[in-house]
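# Chains, contacts and geometry: an overview
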Amino acid sequence: MTSPISRIALRWLVLLCIAAWNVTGQTPVSAKEPEFQSLFNGQDLTGWDPQPGLWRVVDGYIEGGHPDGGRVEKSSFMPRQKDGQDAVFRNFHFRAEFWIETSNSGVQYRSYRLHPKTWSVGGYQYEVSSGLSTGFLYHQNHSGPNVSVGNSVINVAGQGGQVVGQVADQKWLYQQKFRVPTEWGRCDIVCRGNHIAHFVNGYPTVEFIDRDESTPDRKRRNDEGILALQIHSADAFRVRYRNLYLKEFPDRFGDAVRVFNDTDLTGWKKPYDAPEAWSATASTRDERGSLKSFGYLACRGAGTQPLVLDVNHGPAYVFRCQVTGGNWPAAKDAPLREVAGWNLLEITVRNGKPAVEFNGLRRDDLPAFVQNGKVALPSQVAAEYRNLVLIPIETAE
């Protein structure tokens, strides 16, 4: 790991980049920050389509399960509705609190009903479990790959899911008791284009980039779909949800790209005044091809010029990565948590205006670094970077 960084250097760190391209005739991209909207009024199931007898409101929360505490024979899903129809969501941040005693439940998103007027669905699922699998990505009645807690996975047509990185060490998460089965937990799901991220109680658990567009019948990649809560078939099953909120992003996003190949500095331009300041640690694999260790970029802190992403990208985008470096500024009210020293740094650029978030908290006191419209990592800061992803913003909705 790198040495602690000074606060002056930190102002260079947050960083990364971002430039404004003033292109004549360019379609403006919305800069309005969306707000979270409540999906539950705390009193009844208005706005939802429950299977009769399986869902109810108790003491201000949604409860699912057999009304007498008996066995639920078949899994059932309760879709969110709007104007009497299933509501369809595309790019969004969903947040809710959950409680479960036995078995497992889940939040379906970008999903679809298997049959009209039934409570069976298919699509992506955020696993809600009484155990430690909470937060993994499951494909309910869907042919895509599952993503285990801690992994970053890319799904490619004809190749399936490939583990390409690690957002959190699974054993470390277990040691931190990131999920206590007897307590209320918090679920976060963020979808932008083909990029999906899961969080449990603020800890990152899954990153998924879905590139599989091989079938047109929505059995693979889904860019939009319904939102639904699950009751699982089980004995004495009960699940509870409360504080359900959703924030829709006004933009259309292009396909996410990992901009570090986990091997070397291909695609990056080293600073001319200190090229030796930067290095890449490559991923390693075992004899079966499974990843043993994950690659990262490292800067030892030297020179004045940044490391620049030397590929073409548009004037509006989201750049996100995990960063570790030492004496990082911590905010107790940040919604996301560091993982063994790694923090989530995210910069959104619209109309040339960067917005910086550090562990999910907006930081207006930390300026972005601009260099000719390119993502630029500052060389003044001793730090390490992993899971570097660029998500293009195409146009406003």
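First, a word on scope: everything that follows refers to the structure included in this document. A quick note: this is a predicted structure, and the numbers were derived from the prediction, not measured.

## Remarks on unusual backbone geometry
A positive phi angle is found at Asn-201, which is not glycine, with a value near 50°. With respect to the helices and strands, Asn-201 occurs in the loop between β15 (195-200) and β16 (203-210). Looking at Asn-201, the relative accessible area reads 18%, which means it is buried. Positive phi is not limited to glycine here, since Asn-387 has a value of about 50°. Within the fold, Asn-387 resides in strand β32 (residues 382-396).

## So, the sheet that holds strand β21 (residues 268-269)
With antiparallel pairing, three strands are arranged side by side in an open sheet as β21-β26-β31. Two strands bound the open sheet, and with one partner strand each, they are β21 and β31 (376-377). Examined bridge by bridge, β21 and strand β26 (residues 307-309) share two bridges and lie antiparallel to one another. Bridge pairing in β26 links Lys-269 to Val-308.

## Quick look at the packing of aromatic side chains
We describe a pair of aromatic rings using the distance from one ring centre to the other and the angle between the two ring planes. The full count for this structure, using the stated rule, is 10 aromatic pairs. Of the aromatic side chains, those joined through ring pairs into one cluster are Phe-89, Phe-92, Tyr-109, Tyr-124 and Phe-208. Between Arg-386 and the ring centre of Trp-342, over which it is positioned, the NZ or CZ distance is 4.2 Å.

## Some thoughts on the side chain of Thr-348
Mapped onto the elements, Thr-348 comes out in strand β28 (residues 343-350). With residues up to four places along the chain from it excluded, the contact list for Thr-348 reads Tyr-317, Val-318, Lys-353, Pro-354, Ala-355 and Ile-393.

## Observations regarding the nonpolar core
Residues Phe-94, Tyr-109 and Leu-244 are the most contacted members of the largest nonpolar core, which totals 49 residues. Ranked by residue count, the leading element in this core is strand β8 (residues 92-100), at five residues. Of all hydrophobic cores here, the second largest spans 28 residues; its members include Trp-268, Ala-274, Tyr-317 and Val-323.

## With respect to the pairing of strand β18 (residues 239-248)
Working note: regular strand, side chains alternate between the two faces of the sheet. Judged from the two bridges that link them, strand β1 (residues 37-38) and β18 form a sheet pairing that is antiparallel. Looking across to β18, one finds that Gln-37 is bridged to Leu-246. Of the pairings in the sheet, the one linking strand β3 (residues 61-64) to β18 comprises three bridges and is antiparallel in character. By the bridge assignment for β18, Ile-62 is matched with Tyr-241.

## Brief notes about the pattern of salt bridges
A side chain of one charge can pair with a side chain of the opposite charge when the charged atoms of the two come close. Using the criterion set out here, one finds 18 salt bridges in the structure. Glu-63 is paired through a salt bridge with Arg-56; the nearest N and O atoms lie 3.0 Å apart. Among the residues examined, Glu-63 registers a relative accessible area of 10% and is labelled buried. The partner of Arg-95 in a salt bridge is Asp-188, and the shortest N-O contact between them spans 2.6 Å. Placement of the pair is Arg-95 in strand β8 and Asp-188 in strand β14 (residues 185-192), with a sequence separation of 93 residues. Ionic contacts of the salt-bridge type, sharing partners, join the residues Arg-192, Glu-207, Arg-258, Asp-262, Arg-320 and Glu-346 into one network.

## Digging into the environment of Ala-316
Looking at the element boundaries, Ala-316 is found in the loop between β26 and β27 (317-324). Among the residues examined, Ala-316 registers a relative accessible area of 4% and is labelled buried. As for Ala-316 and Val-349, which are separated by 33 residues in sequence, their C-alpha atoms are 5.0 Å apart.

## Quick word on the environment of Val-180
For Val-180, the location among the structural elements is in the loop between α2 (170-175) and β14. Assessed through its relative accessible area of 26%, Val-180 is described here as partly exposed.

## Considering the side chain of Asn-194
Checked against the element boundaries, Asn-194 lands in the loop between β14 and β15. Given a relative accessible area of 1%, Asn-194 falls into the buried group. A distance of 2.7 Å separates the side chain of Asn-194 from the backbone nitrogen of Ala-256, its partner in a polar contact. If we ignore the near neighbours within four places in the chain, the residues touching Asn-194 are Phe-208, Ile-209, Asp-210, Arg-211, Arg-221, Gly-254, Asp-255 and Ala-256.

## Here's the deal with the pairing of β27
When you tally the buried positions in β27, you get eight out of eight residues, the bulk of the element. Neither face of β27 is exposed, since Tyr-317, Phe-319, Cys-321 and Val-323 on one face and Val-318, Arg-320, Gln-322 and Thr-324 on the opposite face are all buried. Note that β27 and β28 share seven bridges and pair antiparallel. If you follow Val-323 over to β28, its bridge partner there is Asn-343.

Reading guide: rules and limits
Residues numbered from 1 in each chain as written. Predicted model: local features only at pLDDT ≥ 70, side-chain atom pairs only at ≥ 80, totals over all residues. Heavy atoms only, no water. Helix = DSSP H or I, 4+ residues; strand = E, 2+ residues; numbered from the N terminus. Buried < 20%, exposed > 50% of the residue type's maximum accessible area, 1.4 Å probe, protein only. Pairing = 2+ DSSP bridges. Phe/Tyr/Trp six-rings, centres within 6.5 Å; stacked < 30°, edge-to-face > 60°. Lys NZ or Arg CZ within 6 Å of the ring centre and 35° of its normal. Contact = heavy atoms within 4.5 Å. Core = buried A, V, L, I, M, F, W, Y, C linked by side-chain atoms within 4.5 Å. Salt bridge = Lys/Arg side-chain N within 4 Å of Asp/Glu carboxyl O. Polar contact = N/O pair within 3.5 Å; in protein donor to acceptor, adjacent residues only side chain to side chain.

These results come straight from atomic positions and should not be treated as a statement about function.
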